[in-house]
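Here's the letter readout for the chains.
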Amino acid sequence: MTENQDLTISDNFTETSDVVIYHGMAIDFVKSIPEKSIDLIVASPPYNTGKEYEENVSISEYVREQEEIIPLMCKIMKETGSICWQVGNYVSHGEVFPLDIFYYKMFKDQGMYLRNRIVWRFGHGLHTTNRFSGRYETILWFSKSDEYIFNLDPVRVPAKYPGKKHSKGPQRGQISGNPKGKNPSDYWEIEKRNWISEWEDGIWEIPNVKAHHIEKTIHPCQFPVELVERCVLALTDENGRVLDPYMGVGSTLLAAILHNRKALGSEKEMQYVEIAKERIVQLARGELRTRPLGKPIYEPSTENVAKIPDEWIKDASSIYYQDKE
Ligand SMILES: C[S@@+](CC[C@H](N)C(=O)[O-])C[C@H]1O[C@@H](n2cnc3c(N)ncnc32)[C@H](O)[C@@H]1O
């Protein structure tokens, strides 16, 4: 998009709007969208974890509610369209229910085809005490048919060994990689760039949006915009329509607008709708700060917080850190 771009924003679906923001229940909005009109749905549905905007119900009740909306979403997708459904775990009395297992069946029942189960790893989150701390969630990418859009070039990442050559066969001695970069894989990290000269061989993850992230709003679990940008760039063409039925503060819509796609979203909480609208206006004015796709993660190696506290080194119960002195 260009700075100070005029966007037409409406409250209900219209064929021509650049942006549609519906305040209300996702199911009502999805019902108002014509069949076969959406290119990509990207969403992180409510997880049933008792966040301030959701009720904590049993896993079977949760699945029943989602079974109602999923067939409707599949209907409004174009034949070339895709769905990226991002979920983590529902935890009840310490037992873990990986939600993608439940969603896989729901989408398969609609005749959808799983193309990737993407693992999104991030560095921060709650520290658990009775099991290992969770540090990844998954994105199920389903297409509606075999004729789906997949643009690899805009999302390629630099190869670790760009000078690698074929060691046998007719191409022996020739460079084996692609000068545009390599496929980013289904484990979502992006190559770390040494901004001075060349690509490093390290990796970095897309950080989740926690307190110090430049995109942070009052929403407790918003998408990093760059995560959605990758889906938008790979799975739609320019002017395609991207929908997030559980849009929160509109991160999916921002990623779509950034890359000249039409953006649609619904959200039941008015406070998030207002923030989403404000972020879109800021983006159109060129005033919104988002973490750019491909920026390396901050490594606090020289900061005080990264140093081992003196107390731990001296403390006899610190079995790990004593060795590090
Ligand atoms: C996991 S959050 C998604 C956050 C979003 N990806 C973002 O970047 O801000 C789920 C959102 O869905 C909303 N929500 C939950 N149930 C809904 C429903 N039935 N209809 C519309 N919105 C709903 C919640 O208020 C919440 O903001």
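Look up: the structure comes first, before these words.
Because the structure is predicted, anything quoted here is derived from the model rather than measured.

1. Focus on unusual backbone geometry
And step 1. Phi at H93 takes a positive value of approximately 50°, unusual for a residue other than glycine.
And step 2. Inspection of the secondary structure puts H93 in the loop between β5 (89-92) and β6 (95-98).
And step 3. Residue H93 is classed as exposed on the basis of its relative accessible area of 84%.
And step 4. Not every positive phi belongs to a glycine, and N239 is a case in point at roughly 70°.
And step 5. Relative to the helices and strands, N239 is located in the loop between α4 (225-235) and β11 (241-244).

2. What about the site of the ligand?
And step 1. The environment of the ligand is formed by 21 residues, the closest being A26, H219, F223, S251 and E267.
And step 2. Between A26 and the ligand, the recorded distance is 2.9 Å, taken from a backbone N or O atom to a nitrogen atom.
And step 3. Between the ligand and V249, the relevant distance is 2.9 Å, taken from an oxygen atom to a main-chain nitrogen or oxygen of the residue.
And step 4. Protein contacts shield 95% of the accessible area of the ligand, which totals 600 Å² for the unbound molecule.
And step 5. A per-class count over the shell around the ligand returns 12 nonpolar, 6 polar and 3 charged.

3. A short note on the nonpolar core
And step 1. In this structure, L40, C84 and I280 are the most contacted members of the largest nonpolar core, which totals 37 residues.
And step 2. When residues in this core are grouped by element, the largest group, 8 residues, is from α4.
And step 3. Of all hydrophobic cores here, the second largest spans 36 residues; its members include I27, Y90, L140 and L264.

The rules behind the values
- Residues numbered from 1 in each chain as written.
- Predicted model: local features only at pLDDT ≥ 70, side-chain atom pairs only at ≥ 80, totals over all residues.
- Heavy atoms only, no water.
- Helix = DSSP H or I, 4+ residues; strand = E, 2+ residues; numbered from the N terminus.
- Buried < 20%, exposed > 50% of the residue type's maximum accessible area, 1.4 Å probe, protein only.
- Near = heavy atom within 4 Å.
- Polar contact = N/O pair within 3.5 Å; in protein donor to acceptor, adjacent residues only side chain to side chain.
- Areas by Shrake-Rupley, 256 points an atom, 1.4 Å probe, with all protein chains shown as cover.
- Nonpolar A, V, L, I, M, F, W, Y, C, P; charged D, E, K, R; others polar.
- Core = buried A, V, L, I, M, F, W, Y, C linked by side-chain atoms within 4.5 Å.

Geometric descriptors of this kind do not, in isolation, establish any biological role.
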